[in-house]
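Examining the three-dimensional arrangement
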Amino acid sequence: MMKSQNKKRGWHKVKIMKNTVVTFRQAKEKGEKLTMLTAYDYTTAKLVNEAGIHSILVGDSLGMVCLGYEDTISVTMEDMIHHTRAVSRGAGDALVIADMPFMSYQTSVYDAVVNAGRLMKEGHAQAVKLEGGKEVCPQIEAIVKASIPVCAHLGLTPQSIHAFGGFKVQGKGEEAARKLLEEAKAIEAAGAFAVVLECVPEALAKLISEKLSIPTIGIGAGAGCDGQVLVYQDMLGMYADFTPKFVKVFANAGEEMKKGFAAYKKEVQEGSFPAAEHTFRMDESILEKLY
Ligand code: KIV
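Once that is clear, we can look at helix H9 (residues 174-190). Under the 1.5 Å per step criterion, the end-to-end length of H9 is 24 Å for 17 residues, consistent within 8% with the ideal 24 Å. Of all the residues in H9, the buried ones are Ala177, Leu180, Leu181, Glu183, Ala184, Ala186, Ile187 and Ala190. Those residues of H9 that are buried lie in contact with helix H7 (137-145), strand E5 (150-155), strand E6 (194-198) and helix H10 (202-211). Just downstream of H9 lies glycine 191, where phi reads positive at about 115°.

Written as structure tokens, this is what we have:
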């Protein structure tokens, strides 16, 4: 291929540093930990990418942390596309994974492929995530066949919250642990490039990570996973409605934001904001003519 032809096709613009499913595979092979955080808008996506995080998950947790619902059930395809599109504009080198919302893939293989396609085509996601094990393997296979990378999600899968009867640790007993391991092997065989393990005992998550050739991304699943994911509002102390045991607050942005909002209110009310440097001027002689 001639250099000029490459340039014509825009290939010279493709950055080498972009994280892809290959990054995930290579990290697992080399034993390097993967990092993932959620984001739901352009500004946050830019900050997450600038921090060097490998992947951004546009989680359906947006239903709770952005839209104020009690759970993720009510999130729609339109919500996911809208937020994924915003994230994609700011994500830079981070791999953008969009969650498939409740009932966008459970209903049929056809629905799953069409909706995964919409997240990629309209939302500009580079991969999708869906919840479940063996029961969604036909969906995973079909989406992967359509050239859309799939991240699976096992353990505490929030879309099944009513079936579980609450937010509970999964895979504690022998039968449940064996089932989880089998589900993990099944989703790997179906073609998933990674799997999120949520609220799983550390020892079981470690065993699953050792048995799989695809990376496991843990949330409440201990340090034995191949990577970690957190909801950014949780790890920045911005979402106080519900704080799971597995959350660590890495920076108290929530407190800083409240301080900033209160300082703004105080300065507006006492008249010190806006000051001269925040204000536009005009020729006073023009103004006089208006009186
Ligand atoms: O929706 C989400 O943010 C998630 C993570 C908690 C893994 O699925």
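Attention now moves to the pairing of strand E2 (residues 55-58). Side chains Ser55 and Leu57 of E2 all project onto a buried face; the interleaved residues Ile56 and Val58 project onto the opposite face, where all are buried too. Note that strand E1 (residues 34-38) and E2 share 3 bridges and pair parallel. Looking across to E2, one finds that leucine 37 is bridged to isoleucine 56. Crossover E1 to E2 through helix H3 (residues 42-50) is right-handed.

Moving on to the pattern of salt bridges. Considering all chains together, one arrives at 12 salt bridges under this definition. Among the ionic pairs, glutamate 256 bridges to lysine 259, the shortest N-O distance being 3.2 Å. Of the two residues, glutamate 256 and lysine 259 both sit in helix H12 (residues 253-270), 3 residues apart, roughly one turn of that helix. One salt-bridge network, in which partners are shared between bridges, spans Glu78, Arg118 and Glu122.

Attention shifts here to the sheet that holds strand E4 (residues 127-131). Strand order in the closed barrel formed by 8 strands is E1-E2-E3-E4-E5-E6-E7-E8, with parallel pairing between adjacent strands. The average undirected angle you get between the axes of adjacent strands in this sheet is 25°. Taken together, the 4 bridges between E4 and E5 define a ladder with parallel strand orientation. Its bridge partner being in E5, lysine 129 is matched across the sheet by cysteine 151.

With that settled, the discussion passes to the nonpolar core. With 74 residues, the main nonpolar core has Ile140, Ile143, Ile187 and Leu197 as its most contacted residues. For this core, the element with the highest residue contribution is H9, accounting for 7 residues. Aside from chain neighbours lying at most four places away, what touches isoleucine 140 is Leu130, Val150, Ala152, Ile187, Ala190, Gly191 and Ala192.

Most of E6 is tucked away: 5 of the 5 residues are buried. On E6, burial covers both faces: Ala194, Val196 and Glu198 on one face and Val195 and Leu197 on the other are all buried. With 5 bridges joining them, E5 and E6 adopt parallel strand pairing. Bridge assignment links glycine 155 to a residue of E6, and that residue is glutamate 198. Pairing geometry for E6 and strand E7 (residues 216-219), over 4 bridges, is parallel. Note on E7: the bridge partner recorded for valine 196 is isoleucine 217. Read from E6 through H10 to E7, the crossover connection turns out right-handed.

This part covers the site of the ligand. Inspection of the region around the ligand gives Thr38, Leu57, Gly59, Asp60, Ser61, Asp99, Lys129, His153, Val196, Ile219 and Val231 as its neighbouring residues. In the model, an oxygen atom of the ligand is placed 2.5 Å from a nitrogen or oxygen of the serine 61 side chain. Here aspartate 99 contributes a side-chain N or O atom positioned 3.1 Å from an oxygen atom of the ligand. Coverage of the ligand by the protein amounts to 95% of the 260 Å² it exposes when considered alone.

Here we come to the side chain of lysine 129. Here lysine 129 is to be found in strand E4. Classification of lysine 129 as buried rests on a relative accessible area of 2%. In this structure the side chain of lysine 129 is engaged in a polar contact, spanning 2.6 Å, whose partner is the side chain of histidine 153. With sequence-adjacent residues up to four places away left out, lysine 129 is seen in contact with Leu57, Ile97, Ala98, Asp99, Met100, Cys151, Ala152, His153 and Val196.

Conventions and cut-offs
- Residues numbered from 1 in each chain as written.
- Predicted model: local features only at pLDDT ≥ 70, side-chain atom pairs only at ≥ 80, totals over all residues.
- Heavy atoms only, no water.
- Helix = DSSP H or I, 4+ residues; strand = E, 2+ residues; numbered from the N terminus.
- Expected span 1.5 Å × (residues − 1).
- Buried < 20%, exposed > 50% of the residue type's maximum accessible area, 1.4 Å probe, protein only.
- Contact = heavy atoms within 4.5 Å.
- Pairing = 2+ DSSP bridges.
- Right-handed = clockwise from strand over helix to strand, strands pointing away.
- Salt bridge = Lys/Arg side-chain N within 4 Å of Asp/Glu carboxyl O.
- Axes fitted to C-alpha atoms, helices over the stretch in contact; angles between N-to-C directions.
- Core = buried A, V, L, I, M, F, W, Y, C linked by side-chain atoms within 4.5 Å.
- Near = heavy atom within 4 Å.
- Polar contact = N/O pair within 3.5 Å; in protein donor to acceptor, adjacent residues only side chain to side chain.
- Areas by Shrake-Rupley, 256 points an atom, 1.4 Å probe, with all protein chains shown as cover.

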